[in-house]
Amino acid sequence: MTALVPIDALDIQIVVDNVTDSLSSVPSFVETELGGLGRRRGAAWVLGGGCLCCAAHGLSCLLTLRSGDSVRTVLFDTGPEDRTFEQNVSRLGIDLGPVEAMVLSHGHWDHAGAMLRALQLVRDRNGGRDVPCYMHPDMFRSRASKQADGSFRLMEDVPSVAALTAHGGQVITTRDAQLVAGDMAFVSGEIPRRSGFETGLPGQHRRTEDGAGWEPDELLLDERFVALHVQGKGLVVLTACSHAGVINVLAHARDCFPGVKLHAVLGGLHLSGINERVIPQTVAALGDFGLDVIAAGHCTGWRAMTALANRFADRKLVPLAVGKRLRF
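Residues numbered from 1 in each chain as written. Predicted model: local features only at pLDDT ≥ 70, side-chain atom pairs only at ≥ 80, totals over all residues. Heavy atoms only, no water.

With respect to the pairing of strand β15 (residues 234–239)
Consideration 1: Of all six residues making up β15, six are buried, and the element is well covered by its neighbours.
Consideration 2: Looking at chain direction, strand β14 (residues 226–230) and β15 are connected through five bridges and run antiparallel. The partner of Val230 across the bridge, within β15, is Gly234.
Consideration 3: Following β14, the chain reverses through three residues before pairing antiparallel with β15; Gly232 in that reversal takes a positive phi of roughly 85°.
Consideration 4: Here β15 runs beside strand β16 (residues 262–268); their pairing, made up of five bridges, is parallel. Each bridged residue has a counterpart across the sheet, and for Leu238 the counterpart in β16 is Leu266.
Consideration 5: What joins β15 to β16 is helix α6 (residues 246–256), and the crossover it makes is right-handed. (Buried < 20%, exposed > 50% of the residue type's maximum accessible area, 1.4 Å probe, protein only. Helix = DSSP H or I, 4+ residues; strand = E, 2+ residues; numbered from the N terminus. Pairing = 2+ DSSP bridges. Right-handed = clockwise from strand over helix to strand, strands pointing away.)

Some points on the sheet that holds strand β7 (residues 143–146)
Consideration 1: Strand order in the open sheet made by the four strands is β8-β7-β12-β13, with antiparallel pairing throughout. Edge positions in the sheet fall to β8 (152–154) and β13 (214–216), since each of these pairs with one other strand and no more. If you compare each strand with its neighbour and ignore which way they point, the axes differ by 40° on average.
Consideration 2: Of the pairings in the sheet, the one linking β7 to strand β12 (residues 204–207) comprises three bridges and is antiparallel in character. Looking at the pairing, Arg143 lines up with Arg206 of β12. (Axes fitted to C-alpha atoms, helices over the stretch in contact; angles between N-to-C directions.)

Some words on the pattern of salt bridges
Consideration 1: Evaluation of the coordinates by the stated rule reveals 22 salt bridges.
Consideration 2: Close ionic contact of Asp217 with Arg143 constitutes a salt bridge, the shortest N to O distance being 2.8 Å. In this pair, Asp217 is assigned in the loop between β13 and β14 and Arg143 in strand β7, connecting sequence segments 74 residues apart. Here Asp217 matches Arg143 in class, with each residue buried.
Consideration 3: Because the salt bridges share partners, they merge into one network encompassing Asp138, Arg141, Arg143, Arg175, Glu190, Arg206, Glu209, Glu215, Asp217 and Asp222. (Salt bridge = Lys/Arg side-chain N within 4 Å of Asp/Glu carboxyl O.)

No statement about biological role is implied by the geometric values presented.
Structure (structure tokens):
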């Protein structure tokens, strides 16, 4: 694999996230949802409910990469369902035409639910060209969580290869790392599990290969991260849910790019629910990476956000919210 090309600048538009928050103060490199509305519509715009994005349980990020005169655009996840994604794209004034690749972080409905509609919206704007979709082969296995009584709560499947292809997706599946968007974005392969305390998602199961039953799938080995090297700052790592554990994610990113500073991590840290038990270890270990920015959201949970705020204060912690735009 060729080397990751450093870029001059990176914009990350949060299209879907669990929360909405335009009133809290933000650092200079972050624009709130309302700030973006004011910038796009000018002084005459009138604030009302019809302007606003919708928060939903999920995550979707639009990445705009700039290097010299080159501008590349990548969609990382699509959130849980069509309506939220489409409404937020419209109200954020996003043109999806330049999207040249879609990357799915892992095979869960809250990240893949709007993939088919997203493909339609992109192709409506790009002249009908197919869109590469970068995925892991195990994302297509049906999944469920095992309940205390031994029953299984089914999860909505990720769109099939056939469905994605019918909607103009060029499906590219691999377990290995890849470079996309002109070698400016790194999509990791399977993430090694080394920390010892990050054990995945307890109770997670998937269909067996023959479809006859269920097998444990707590490690979710299909999860990947996206990394970008911003000149003068370092590596920005997007981890959509951190089922692998954010410490394992960052350790693997550091191994993949030795000598490159880790500047920021962005996404869900999955420290809510049963994973609240590892908040202390995770927060302590995050201090070992020298991060300048921890942009946490989606499945991080309020208890973990409080612990992160207490440990890292405002200079590092940047809570995500739908409609926010971060510029690196």
